[in-house]
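Each chain, letter by letter, is given below.
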Amino acid sequence: METDTIIASATPPGEGGIGILRLSGLNAEKFLQLFFQPAGSVSALESHRLYLGSFLDQQGLLVDEVMAVVMRAPRSYTREDVVEIHCHGGTVVMRRIMDQFIDAGARMARPGEFTLRAFLNGRLDLSEAEAVIDLIRARSDSAGRIAAAQLKGSVSRTVHEFQSQVADLLALVEAHVDFPEEDIEFADQQRLLSEAASVNAHIQDILNNFDSGRILREGLSVLILGKPNVGKSSLLNILLGESRAIVTDIPGTTRDTIEECLVLGGVPLRLIDTAGVRDTEDLVELEGVARAKNKIESADLVLLVIDGSRPVDDNDLLALESCRQSRVLLVYNKADLPATVPDVRFSPFPSVTVSTRTGEGLDLIKTAIVDLVCGDGRSGDVQMDSVFSDRRHREALVRCSESLDHFIAALSAGNSPEFLALDLREALHALGEITGETTPDDILDRIFTRFCIGK
């Protein structure tokens, strides 16, 4: 743990009404005293109180009129002495103030270093620290609620409960390791099996609901697919409520994927418009079709757009075959024109009928998208305290579950307590990676480099 004093801007770069510079470390208050002159007769700065004053450079020249606050350890974000300077939000002003502190001995903070220090000093565990960046980057109310719940310890409490239960099992098994002449009695064996199965069942419930939490947190990847000129780009535009994609009567107008974000029913969506799927000899169009097909596998939902006013043709079937294994919502477009009889080869999939020209059916398709992924559109009913949405957490829970499965099988087979204890230690190690107790340094580095410099 480095003990030097770090500094960074806590507000985004550019012009604004206010800019905040944050320092943390042993010398944070000392550095402030070098340059800050409080207004009025102030003999000493109280902790957690804002003071108006002047910020002077090393020559005693005024840089800006500022507000300053000292937050003494351990009652601060990092549990170190923290100082904040609230100045006018101009690039030159903030740079001049920062330069004074750096010349005095502070150094620029690395990405996420303030939160890293909060983690290392025990103010946050790792899952709570990850929630900080998730809260900052949240693109919907649901993502914000999940991050806020995780910041308040929803994930940590669940993991600690699992750790306590597995640790109790380990203590019972190790008691037999210490006394090897005594075999595990039948009553103890049944208790071990029952409690291990109970923990594993709860973990499986979390894993089974992981996709719902992931979608609320990360957003839903929705791919718009179909042959040329069926209205894919028009569908993108009408869902967004703006003319984002070029729409013409010329087949093959869209040559590449176009991605835009939208919040629908509280669920963040990433809409992806693609090149029309068809047999073609145009090299550029071929590349666009290939990119469209590559996106299918990673999409949470495919909107397969069909021209409802014309019979399906070979290109419609080609588009169908490319996404048959995916979750598909059929979108019969051009409802403002006379409709043809639906083709039975498309009947296994749920469908909606819309007109991207008149807007007919727009509410239906929005509801259908949320229903297909979140179940009856009840995305707002998800209990945030029980949501795990981070892929790293999921991977750790999978490894914990595998260790418990192995423990149950080994116990049933009559393996020696030493091997049983090893399985339980591996389960505890996996759980510890979620809260940061056993997380390798390279994973920590990867997590905190996602943060902005001032957080």
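Whatever comes next refers back to the structure up there.
The following paragraphs examine the structure supplied in this document. (Residues numbered from 1 in each chain as written. Predicted model: local features only at pLDDT ≥ 70, side-chain atom pairs only at ≥ 80, totals over all residues. Heavy atoms only, no water.)

## Comments concerning the packing of aromatic side chains
Counted according to the given criterion, the structure contains 5 aromatic pairs. Connected via pairs of aromatic rings, a cluster forms that spans Phe 35, Phe 55 and Phe 101. The ring of Phe 210 has Arg 394 lying over it, and the distance from NZ or CZ to the ring centre is 5.7 Å. Taking the ring centre of Tyr 77 as reference, the NZ or CZ of Lys 455 above it sits at 4.2 Å. (Phe/Tyr/Trp six-rings, centres within 6.5 Å; stacked < 30°, edge-to-face > 60°. Lys NZ or Arg CZ within 6 Å of the ring centre and 35° of its normal.)

## Some details on empty space enclosed by the protein
One pass over the full model with this rule turns up 1 cavity of 30 Å³ or more. By volume, the largest cavity is sized at about 30 Å³. Around the largest cavity, the lining residues are Leu 235, Ile 238, Val 354, Ser 355, Thr 356, Gly 359, Glu 360, Gly 361 and Leu 362. In terms of residue class, the lining of the largest cavity is made up of 4 nonpolar, 4 polar and 1 charged. (1 Å grid on protein atoms, 1.4 Å probe; cavity = no way out; pocket = protein on both sides within 12 Å on 5 of 7 lines; lining within 4 Å. Points joined across faces, edges and corners; volume = space filled by probe spheres on them. Nonpolar A, V, L, I, M, F, W, Y, C, P; charged D, E, K, R; others polar.)

## Observations concerning the layout of surface pockets
Take a probe with the size of a water molecule and roll it over the atoms, and the empty space left behind shows itself. Computed from the structure, the second largest pocket encloses a volume of approximately 230 Å³. Lining the second largest pocket, in full, are Asp 134, Arg 137, Ala 138, Arg 139, Ala 143, Ile 146, Ala 147, Gln 150, Arg 217, Glu 218, Pro 268 and Arg 450. Elements represented by at least two residues in the lining of the second largest pocket include exactly helix H4 (126-137), helix H5 (141-151) and helix H8 (210-218). Per element, the largest residue contribution to the lining of the second largest pocket is 4 residues, and it comes from H5. Among the residues forming the lining of the second largest pocket, the class breakdown is 5 nonpolar, 1 polar and 6 charged. (Helix = DSSP H or I, 4+ residues; strand = E, 2+ residues; numbered from the N terminus.)

## Things to note about unusual backbone geometry
The omega torsion across Ala 73 and Pro 74 is 0 degrees, close enough to zero to call that bond cis. By the element assignment, Pro 74 lies in the loop between strand E5 (62-71) and strand E6 (82-89). With a phi angle near 65 degrees, His 48 is a residue other than glycine that sits in the positive phi range. Looking at the secondary structure, you find His 48 in the loop between strand E3 (36-38) and strand E4 (51-56). Residue Lys 334 is not a glycine yet carries a positive backbone phi of 70 degrees. Tracing the backbone shows Lys 334 in the loop between strand E12 (328-333) and strand E13 (351-353).

## Things to note about the sheet that holds E13
Taken in spatial order, the 6 strands line up as E9-E10-E8-E11-E12-E13 in an open sheet, and their pairing is mixed. The two strands at the open ends of the sheet, each matched to only one other strand, are strand E9 (258-264) and E13. Going across the sheet, the axis of each strand differs from the next one's by a mean of 25 degrees, ignoring polarity. Sheet analysis places strand E8 (residues 220-225) next to strand E10 (residues 267-273), joined by 5 bridges and oriented parallel. (Pairing = 2+ DSSP bridges. Axes fitted to C-alpha atoms, helices over the stretch in contact; angles between N-to-C directions.)

## Focus: the pattern of salt bridges
Throughout the structure, instances matching the rule amount to 24 salt bridges. A salt bridge links Arg 425 to Glu 174; the nearest nitrogen and oxygen atoms lie 2.6 Å apart. Of this pair, Arg 425 sits in helix H14 (residues 417-435) while Glu 174 sits in helix H6 (residues 154-178), placing them 251 residues apart in sequence. Taking relative accessible area as the criterion, Glu 174 reaches 26% and is therefore assigned partly exposed. Among the ionic pairs, Arg 324 bridges to Glu 321, the shortest N-O distance being 2.7 Å. Taken together, the shared-partner salt bridges connect Asp 4, Glu 80, Arg 107, Arg 110, Glu 113 and Arg 117 into one network. (Salt bridge = Lys/Arg side-chain N within 4 Å of Asp/Glu carboxyl O. Buried < 20%, exposed > 50% of the residue type's maximum accessible area, 1.4 Å probe, protein only.)

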